Amino acid sequence: MMYGLLRISGSVLEVTFFIEELEQSREFYDNQNRLLRLLLAVYNLLSANSELLCYFIIVLNNVVSASVISLILPMLVFLWAMLSTPRPTKKFWMTAIVYTEVCTLKDTSTVPKL
């Protein structure tokens, strides 16, 4: 059930809505333990800044398996993605995905010598 509360204070008109389902959701969240709320906060932080997580994984991949071929993705991150505001375009993500797929196919398509 939703109902509005109208308050007039001075010359300001304030309308507050009460939605029962939202209030129940807020009470449920407030009754959870701190660890679960911390995990939910970390999840929300990572999902809101997912591009930073992707940048970190790309750089970490280059640190673990350093080669000239794997150097292209960190260069894309530092020279294209981080200079895009507010976020990289779809064209960047498609370029990174296609490059990753091509490198993966190239690595797995080697024919063993008999």
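Refer to the structure above for everything that follows.
In this text the structure is predicted, and so the values were computed from the model without any measurement.

Draft legend 1. Examining the overall build of the protein more closely. Helix and strand counts for the protein stand at five helices and two strands. Burial statistics for the protein: of 114 residues in total, 13% are counted as buried. Here the protein has roughly 9,700 Å² of accessible surface; of this, 69% comes from carbon and sulfur atoms.

Draft legend 2. Broad picture of the packing of helix α3 (residues 50-64) against helix α4 (residues 72-81). Between α3 and α4, the shortest axis-to-axis distance is 8 Å and the interhelical angle comes to 140°. The crossing of α3 and α4 is left-handed. In this structure, α3 contributes Y55, I58, V59 and N62 to the contact, and α4 contributes L73, P74, V77, F78 and A81. Of the residues in the contact of α3 with α4, the class split is eight nonpolar, one polar and no charged.

Draft legend 3. The packing of α4 against helix α5 (residues 90-108), seen in detail. At a minimum axis separation of 11 Å, α4 and α5 run at an interaxial angle of 175°. In terms of orientation, α4 and α5 fall into the roughly antiparallel class. Facing α4, whose interface residues are I72, L73, L76, V77, W80 and A81, α5 presents K91, F92, T95, A96, Y99 and T100. Taken together, the residues of the contact of α4 with α5 sort by class into nine nonpolar, two polar and one charged.

Draft legend 4. Local environment of α3. With 15 residues, α3 should reach 21 Å at 1.5 Å per residue; the first-to-last C-alpha distance of 21 Å fits that figure. Considered for burial, the residues of α3 that qualify are E51, Y55, I58 and N62. One side of α3 carries all its buried residues, which in axial view fall inside an arc of 65°. In α3, those exposed residues whose orientation departs by more than 90 degrees from the buried face are F56, V63 and V64. Considering only its buried residues, α3 is in contact with α2 (34-48), α4 and α5.

Draft legend 5. Spatial organisation of unusual backbone geometry. Here the residue pair T85 and P86 is connected by a cis peptide bond, since its omega of -10° sits within 30 degrees of zero. Mapped onto the fold, P86 is located in the loop between α4 and α5.

Draft legend 6. Broad picture of the side chain of S84. Positionally, S84 belongs in the loop between α4 and α5. Here S84 falls in the buried class, since its relative accessible area comes to 18%. There is a polar contact of 3.0 Å between the side chain of S84 and the backbone oxygen of W80.

How each quantity is defined
- Residues numbered from 1 in each chain as written.
- Predicted model: local features only at pLDDT ≥ 70, side-chain atom pairs only at ≥ 80, totals over all residues.
- Heavy atoms only, no water.
- Helix = DSSP H or I, 4+ residues; strand = E, 2+ residues; numbered from the N terminus.
- Buried < 20%, exposed > 50% of the residue type's maximum accessible area, 1.4 Å probe, protein only.
- Areas by Shrake-Rupley, 256 points an atom, 1.4 Å probe, with all protein chains shown as cover.
- Axes fitted to C-alpha atoms, helices over the stretch in contact; angles between N-to-C directions.
- Left-handed = near helix turned anticlockwise from the far one by under 90°.
- Contact = heavy atoms within 4.5 Å.
- Nonpolar A, V, L, I, M, F, W, Y, C, P; charged D, E, K, R; others polar.
- Parallel < 35°, antiparallel > 145°, perpendicular 65-115°, else oblique.
- Expected span 1.5 Å × (residues − 1).
- Arc of directions from axis to C-beta.
- Polar contact = N/O pair within 3.5 Å; in protein donor to acceptor, adjacent residues only side chain to side chain.

All quantities given are derived from atomic positions and should not be read as evidence of function.
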